[in-house]
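Chain by chain, the residues run as shown.
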Protein chains: 2
Amino acid sequence: MSHPDLPMTVPTTPITTHALPEAVTIYEVGPRDGLQNEKAVVPVEVKAEMVTRLLDAGLPIIEATSFVHPKWVPQLADAAELMGLLIDRIGDAARRMPVLVPNEKGLDRALDLGLEHIAVFGSATETFATKNLNRSYDEQFAMFEPTFARAKAAGMTVRGYLSMCFGDPWEGGVEIDAVVRAGVRLLDLGADELSLGDTIGVATAGHVQAMVAAFADAGVGPERLAMHFHDTYGQALANTLAAMQVGITTFDASAGGLGGCPYAKSATGNLATEDLLWMLKGLGVGTGVDLDKVVETSVFMADALGKTPASAVARALAGQ
Amino acid sequence: MSHPDLPMTVPTTPITTHALPEAVTIYEVGPRDGLQNEKAVVPVEVKAEMVTRLLDAGLPIIEATSFVHPKWVPQLADAAELMGLLIDRIGDAARRMPVLVPNEKGLDRALDLGLEHIAVFGSATETFATKNLNRSYDEQFAMFEPTFARAKAAGMTVRGYLSMCFGDPWEGGVEIDAVVRAGVRLLDLGADELSLGDTIGVATAGHVQAMVAAFADAGVGPERLAMHFHDTYGQALANTLAAMQVGITTFDASAGGLGGCPYAKSATGNLATEDLLWMLKGLGVGTGVDLDKVVETSVFMADALGKTPASAVARALAGQ
């Protein structure tokens, strides 16, 4: 049997099923959530190249880094240097990129640089709040309060991340109602958007739809929610489809599927941007993102990290 | 940050969304479609162990091997020996396992062993018929005719596989109507079930639903169809969810995601049985299959093949 040239190109006509959005927003987390969970530390120049390539690929939102203490995340110790580099090169486009800030100290750094968007990281469970934030579940909200207040007063938008929404490695199952309560508290503090994280990748499609319904019952519509899926158990894309079917239009993804999983010995990390793009392209759901450029960026980063991309699409198209 | 013991167990309460079936049938293709696409050749004893382990895990249908000429598929050159071993050990349970037969010669071997179910492999496209079957598109049906007729006369059931239903590496896109025409020809020959193969893994969810609708328009309901997804582009599980939503209840899967893709330099093969089971368990869709036993079998086979499982669930649960 002879083989076709690779990579093959199969022209697919987009086929939309009813009840799907016309377009969705991909919130790219590779430079932050991806790189912070990779073992290798990447030079700041490579990170700047990654971010500008992703911008050139058309990704509308790119979370560039995190102003967390280097003791906790040494991979992102160069956060201020990276933002300085990006601002030098692309100016306001860099200032529009959200950065994660854990507390007021991080906020001060973001304000100093004139950044417009921050993200704050909370936990839906007591145990993860204790282990990741060194605060009790209730104390985390007290810690967030001045950060939110000052950021909002400065005209910033604030994204609230909520982790362990679909399962917690220490506590096991997490009640949907508890997630809604935690989410509402972040929104009440002033969060403009809530990103619900399946940090350990255990969620399945019905769970996702039930979560969205429970938020709607609490007065929080799908337009205020983003979904942040990890592919640890291979469920991320099926969960994305299920979420789109109930009105979610913002999805976090990581170019190349960078990130790994800090809570399982598994190669798979965040939902890969390419795998998401492949599905959306096939469904005729608009993104404004150039798939080939994302794949090129993922291959560039895989080379920098000395590994093959976790993204199925990147591997298939780039022959890796 | 301390880490929980691995593998973690997150107790998930099944959450069913409406319009999903109460139960589905997993048609296990690992020993045939999986192993025939692996580079390494596995000893017949290991294959027999794989098949009996999968049977013990509760898989209701296991396609055990293929009576194709060893020149084309050296990995399955021991097909008759394997079936003999299995019949010695588990008797009628082995005779109930379907085997692939390419033509009347293969059928003769299946009849000699007293097997009850065969599968026949056709192509939805002209090019793949030429390259894989050495027949034109029309000639393939002429070749199948006596095989179907004699098998049905002997009281066998016949599954018809149709490959390249969602894209062809040489021809590119494949018209849905052309797939329906080919499928109807196999059904007219006497096929009891039609397995629609996304051989190169390019399909997306809307395409799958449109295919099922087109078959229904032609008088072929979803109860006569099975879906055979490959995960080359990471789409297999999202496509499965979409197919279930339109009434499909039989899904082909391969333990550990064995199989690779013969038409892309990619590590991912058939939809992994474990990844499918994880989703179905979460959705409360019954299968009768023991996930842990499938994972154990996948790890056993990965060791035999000298690789890590392609299944995300197997990697996460087995720490590989």
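The structure this text deals with has already been given above.
Here we summarise the structure given alongside this text. Note that the coordinates shown come from a computational prediction; the quantities given were computed from them, not determined experimentally.

### Comments concerning the overall build of chain A
- For chain A, the helix and strand inventory stands at 13 helices and 9 strands.
- For chain A, whose C-alpha radius of gyration is 19 Å, the value lies close to the compact-globule estimate of 20 Å for 320 residues.
- Projected onto the principal axes, the alpha-carbon positions of chain A cover approximately 65 × 45 × 35 Å.
- Across the 320 residues in chain A, those meeting the buried criterion constitute 61%.
- Contacts spanning at least 24 positions in sequence make up 73% of the contacts within chain A whose residues lie at least 6 apart.
- Total accessible area computed for chain A in this model is approximately 11200 Å², and 50% of it derives from carbon and sulfur atoms.

### Quick look at the sheet that holds strand E3 (residues 65–66) of chain A
Residues and elements named next belong to chain A.
- What the 9 strands build is an open sheet, ordered E2-E1-E9-E8-E7-E6-E5-E4-E3; its pairing is parallel. Two strands bound the open sheet, and with one partner strand each, they are strand E2 (61–62) and E3.
- In this structure, strand E1 (residues 25–28) lies alongside strand E9 (residues 250–253), joined through 4 bridges in parallel fashion. By the bridge assignment for E9, threonine 25 is matched with threonine 250.
- Across the face of the sheet, helix H6 (residues 126–133) comes into contact with strand E5 (117–123) and strand E6 (157–163) while running at roughly 125° to E5.
- Strand contacts of helix H10 (residues 236–245): strand E8 (225–229) and E9, with the helix running at about 165° to E8, the strand carrying the most contacts.

### A look at unusual backbone geometry
Residue and element names in this part refer to chain B.
- Of note, the phi angle at asparagine 134 is positive, near 60°, even though the residue is not glycine.
- Here the phi dihedral of methionine 164 falls at roughly 60°; this positive angle occurs in a residue that is not glycine.
- With respect to the helices and strands, methionine 164 occurs in the loop between strand E6 (157–163) and helix H8 (176–189).

### Focus: empty space enclosed by the protein
Residue and element names in this part refer to chain B.
- Applying the stated criterion across every chain, the model contains 2 cavities of 30 Å³ or more.
- As a volume, the largest cavity reaches approximately 60 Å³.
- Contributing to the lining of the largest cavity are Ala255, Gly256, Leu258, Ser298, Met301, Ala302, Lys307, Thr308, Pro309 and Ala310.
- Among the residues making up the lining of the largest cavity, the classes are represented as 6 nonpolar, 3 polar and 1 charged.
- In this model, the second largest cavity occupies a volume close to 40 Å³.

### Observations regarding the sheet that holds strand E7 (residues 193–198) of chain B
All names here are of chain B.
- The strand order across the open sheet built from 9 strands is E2-E1-E9-E8-E7-E6-E5-E4-E3, with neighbouring strands paired in parallel fashion. On the outer flanks of this sheet lie strand E2 (61–62) and strand E3 (65–66), each paired with one strand and no other.
- Of the strands in this sheet, E7 and strand E8 (225–229) are in contact with helix H9 (residues 205–217), which crosses E8 at around 155°.
- The strands touched by helix H11 (residues 273–283) within the sheet are strand E1 (25–28) and strand E9 (250–253), with E1 carrying the most contacts at an inclination of about 175°.

### Some details on the packing of helix H10 (residues 236–245) of chain B against H11(B)
Residues and elements named next belong to chain B.
- Between H10 and H11, the least distance of the axes is 10 Å, while the angle of their chain directions is 45°. On the basis of their axis angle, the class for H10 and H11 is oblique. Read as a crossing pair, H10 and H11 show a hand that is right-handed. Here Leu237, Thr240, Leu241 and Met244 of H10 lie close against H11, whose contacting residues are Asp275, Leu276, Met279, Leu280 and Leu283.
- For the contact of H10 with H11, the class distribution of residues is 7 nonpolar, 1 polar and 1 charged.

### What to know about the pairing of E9(A)
All names here are of chain A.
- On E9, burial covers both faces: Thr250 and Asp252 on one face and Phe251 and Ala253 on the other are all buried.
- As judged from the 2 bridges shared by E8 and E9, these two strands associate in the parallel manner. Bridged to methionine 227 within E9 is phenylalanine 251.
- Handedness of the E8-H10-E9 crossover: right-handed.

### A closer look at the packing of aromatic side chains
- Considering all chains together, one arrives at 15 aromatic pairs over all chains under this definition.
- Centroid distance Phe141(A) to Phe144(A): 6.2 Å. Interplanar angle 90°. Geometry classified as edge-to-face. Here Phe141(A) pairs with Phe144(A), and both are found in helix H7 (residues 137–153), just 3 residues apart, close to one helical turn. For the pair shown, Phe141(A) and Phe144(A) are each scored as buried.
- A centroid spacing of 5.9 Å and a plane angle of 50° characterise the contact between Phe121(B) and Tyr161(B), whose relative ring orientation is tilted. Of this pair, Phe121(B) sits in strand E5 (residues 117–123) while Tyr161(B) sits in strand E6, placing them 40 residues apart in sequence. Each of the two residues, Phe121(B) as well as Tyr161(B), counts as buried.

### Details of the side chain of Gln140(A)
Residues and elements named next belong to chain A.
- With respect to the helices and strands, glutamine 140 occurs in helix H7.
- For glutamine 140, a relative accessible area of 0% gives the class buried.
- Residues in contact with glutamine 140, not counting those within four places in the same chain, are Gly122, Ser123, Ala129, Leu133 and Arg135.

Calculation notes
All residue numbers refer to positions counted from 1 along the written sequence of the respective chain. A letter from A marks each chain and a number from 1 marks each ligand, given out in the order of writing. The model is predicted, so local features are restricted to residues of pLDDT at least 70 and side-chain atom pairs to those at 80 or more, both for listing and for counting; the totals for chains, interfaces and linings are taken over all residues. No hydrogens and no water enter the side-chain calculation; it runs on all heavy atoms of the structure. Under the scheme used here, helices are H or I runs from DSSP no shorter than 4 residues and strands are E runs no shorter than 2 residues, and both carry numbers assigned from the N terminus. We take the radius of gyration over the C-alpha atoms and set the globule estimate at 2.2 Å times the residue count to the 0.38 power. Residue burial is assigned from relative accessible area. The probe radius is 1.4 Å, only protein chains are included, and a residue is buried under 20% of its type maximum, exposed over 50%, and partly exposed in between. What makes two residues a contact is simply this: any of their non-hydrogen atoms within 4.5 Å. Only the protein chains shown count as cover for residues, and all accessible areas are computed by the Shrake-Rupley method using a 1.4 Å probe. Note on pairing: DSSP must find at least two bridges between two strands before they are called paired. Axis angles are defined between N-to-C directions and span 0 to 180 degrees, where every axis is a line fitted to C-alpha atoms and, for a helix, only to the segment in contact. Think of a 1 Å grid over just the protein atoms. A cavity is a set of points where a 1.4 Å probe fits yet cannot get out, a pocket is an open set with protein on both sides within 12 Å along at least five of seven lines, and lining residues have an atom within 4 Å of a point. Grid points are joined across faces, edges and corners, and a volume is the space filled by probe spheres set on the points. Amino acids outside the nonpolar list (Ala, Val, Leu, Ile, Met, Phe, Trp, Tyr, Cys, Pro) and the charged list (Asp, Glu, Lys, Arg) are all regarded as polar, and Gly is one of them. Small angles under 35 degrees read as roughly parallel and large ones over 145 as roughly antiparallel, with 65 to 115 read as roughly perpendicular and the rest as oblique. Two helices crossing with the near one rotated counterclockwise from the far one by less than a right angle form a left-handed crossing, whereas a clockwise rotation gives a right-handed crossing. Handedness rule for crossovers: strands pointing away from the viewer, path from the first strand over the helix to the second running clockwise, crossover right-handed. In this scheme Phe, Tyr and Trp rings, the latter by its six-membered ring, pair at centre separations within 6.5 Å, and the angle between planes marks the pair as stacked below 30 degrees, edge-to-face above 60, and tilted otherwise.

None of the figures reported here should be taken as evidence of function without further support.
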